[in-house]
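Structural description and commentary
The lines below spell out each chain.
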Amino acid sequence: MTVHFIGAGPGAADLITVRGRDLLARCQVCLYPGSLTPPDLLEHCPPGARFVDTAELNLDQITAELVAAHEAGHDVARLCSGDPSIYSAVAEQMRRLDAAGVPYAVVPGVPAFAAAAAVLGRELTVPTVGQSLVITRVQARSTAMPAGETLAAFAATGTTLAVHLAINRVEQVVEELLPHYGAGCPTAVVARASQPAEQVLRGPLGDLAMRVRAAGITRAAVIFVGPVLAAEVFPDSFLYSAARERQV
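In this report, the structure presented in the accompanying data block is examined. Throughout, residues of each chain are indexed from 1 in the direction in which the sequence is written. pLDDT decides what is reported in this predicted model: residues at 70 or higher carry local features, side-chain atom pairs at 80 or more are listed and counted, and totals for whole chains, interfaces and linings draw on all residues regardless. Hydrogens and water are ignored here; the side-chain numbers use all heavy atoms of the structure.

This part is about the environment of S142. Strands here mean DSSP runs of E at least two residues long; helices mean DSSP runs of H or I at least four residues long; both are numbered from the N terminus. Position of S142 among the secondary structure elements: in the loop between β6 (133–137) and α6 (151–155). Measuring from C-alpha to C-alpha, the distance between S142 and L165 comes to 9.6 Å, with 23 residues separating the pair along the chain.

Here it is in structure tokens:
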């Protein structure tokens, strides 16, 4: 039997992949983060499926559930909010499953930053304006950031930032970024992208913290910073350019 780490997407039940939905329909056990999983998503599970809300479980308890389901001969759907490749804690779960000899597979999902960019109606890589995206977070009560991975270090490149897990440290974000981007740099905050309670804020970096506090946003938000958020004058991409054909 296999444990399937399935990207559940940013919140809307219909943003799960077809592969993920089909796996849910055949797994007899489903572990899910209760505070982040839309109830409609769990309706894809088969009748009689066993549901385990992991919101209040620690890593050892989650692992025990996965191993027990495997030993009972059940396929397991382990739902992860967004995409399993970032900020999902699947690495430590995989490490424990490797030690227990339990096979697993990964199904990608729509990450929060991608859903948020769609809400904004913005491409995050605009010709000559910004061709890179840094996905990062800030240090709070969570695991320490590796040496060198600071907001200031990333900001020194001038690239577009997608800052996760930082909305409650928004003043710190602004303080570290202002010297590099300037008060007028475009920013956007998308909270609960694709969900009914979705919120969107746009404006300059200088008053970002004030706008976030006034809106009462405290969780499930992505902060974007960079000129691409307001870029209007830029050349067409070389991807579909007639000039490309002439150079072949």
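After presenting the structure, the write-up continues.
Here, nonpolar core means buried Ala, Val, Leu, Ile, Met, Phe, Trp, Tyr and Cys residues that are tied together by side-chain atoms lying within 4.5 Å of each other. A 1.4 Å probe rolled over the protein chains alone gives each residue an accessible area, and that area as a share of the maximum for its type sets the label: buried under 20%, exposed over 50%, partly exposed in between. Counting residues in each nonpolar core, the largest one holds 25 residues, and the members touching the most others are L177, Y181, V189, L208, V212, I217 and I223. Of all elements in the fold, only α6, β7 (160–164), α7 (170–181), β8 (186–191), α8 (208–215) and β10 (221–225) reach the threshold of two or more residues within this core. Any pair of residues with heavy atoms lying within 4.5 Å of one another is described as a contacting pair. With sequence-adjacent residues up to four places away left out, V212 is seen in contact with I167, V170, V189, L201 and I217.

The next subject is the sheet that holds strand β3 (residues 50–53). In spatial order, the strands read β3-β2-β4-β1-β5; together these five strands make up an open sheet with parallel pairing. The outermost strands of the open sheet, each flanked by one partner alone, are β3 and β5 (104–107). Averaged over neighbouring strand pairs, the angle between their axes works out to 20° when direction is ignored. Two strands form a pair only when DSSP identifies at least two bridges running between them. One ladder, built from four bridges, connects strand β2 (residues 29–32) with β3; its direction is parallel. Within the sheet, the bridge partner assigned to C30 lies in β3 and is F51. For helices, the fitted axis covers only the stretch in contact; all axes are lines through C-alpha atoms, and the angles between them, taken along N-to-C directions, range from 0 to 180 degrees. Taken strand by strand, helix α4 (residues 90–100) contacts β1 (3–7), β4 (76–80) and β5, and its axis lies near 170° from that of β1.

Moving on, we get to helix α3 (residues 59–71). End to end, α3 covers 18 Å across 13 residues, agreeing with the expected 18 Å (1.5 Å per residue, within 8%). Among all positions in α3, only I62, T63, L66, V67 and A69 are buried. Projected down its long axis, α3 shows its buried positions confined to an angular sector of 160°, all on one face. Turned more than 90 degrees away from the buried face of α3 sit D60 and E71, all of them exposed. N-cap assignment for α3: the residue whose side-chain oxygen lies 3.1 Å from the backbone N of D60 is N58. G73 lies just past α3 and shows a positive phi near 85°. Here a helix's expected span is defined as the number of its residues, less one, multiplied by 1.5 Å. Note that the arc is computed from the directions linking the helix axis to the C-beta atoms. We call two N or O atoms a polar contact when they sit within 3.5 Å, provided that within protein one can donate a hydrogen and the other can accept it, with sequence-adjacent residues counted only if both atoms are side-chain atoms.

Working note: a packed helix pair is described by the angle between its axes plus the distance between those axes. Put simply, α7 and α8 touch, their axes get as near as 9 Å, and they point 165° apart. With respect to α8, the element α7 is oriented roughly antiparallel. Remark: the crossing between α7 and α8 carries right-handed chirality. Contact with α7, carried on its side by V170, E171 and V174, involves L208, A209, V212 and R213 of α8 and no other residues of that element. For this scheme, ten residues count as nonpolar: Ala, Val, Leu, Ile, Met, Phe, Trp, Tyr, Cys and Pro. Four count as charged, namely Asp, Glu, Lys and Arg, and the remainder, Gly too, count as polar. Of the residues in the contact of α7 with α8, the class split is five nonpolar, no polar and two charged. Angular relationships are summarised with four words: roughly parallel below 35 degrees, roughly antiparallel beyond 145, roughly perpendicular across 65 to 115, and oblique for the angles in between. Here a crossing is taken to be left-handed if its near helix is turned anticlockwise relative to the far helix by less than a right angle, and right-handed if that turn runs clockwise.

Such coordinate-based values are descriptive only and should not be taken to indicate function.
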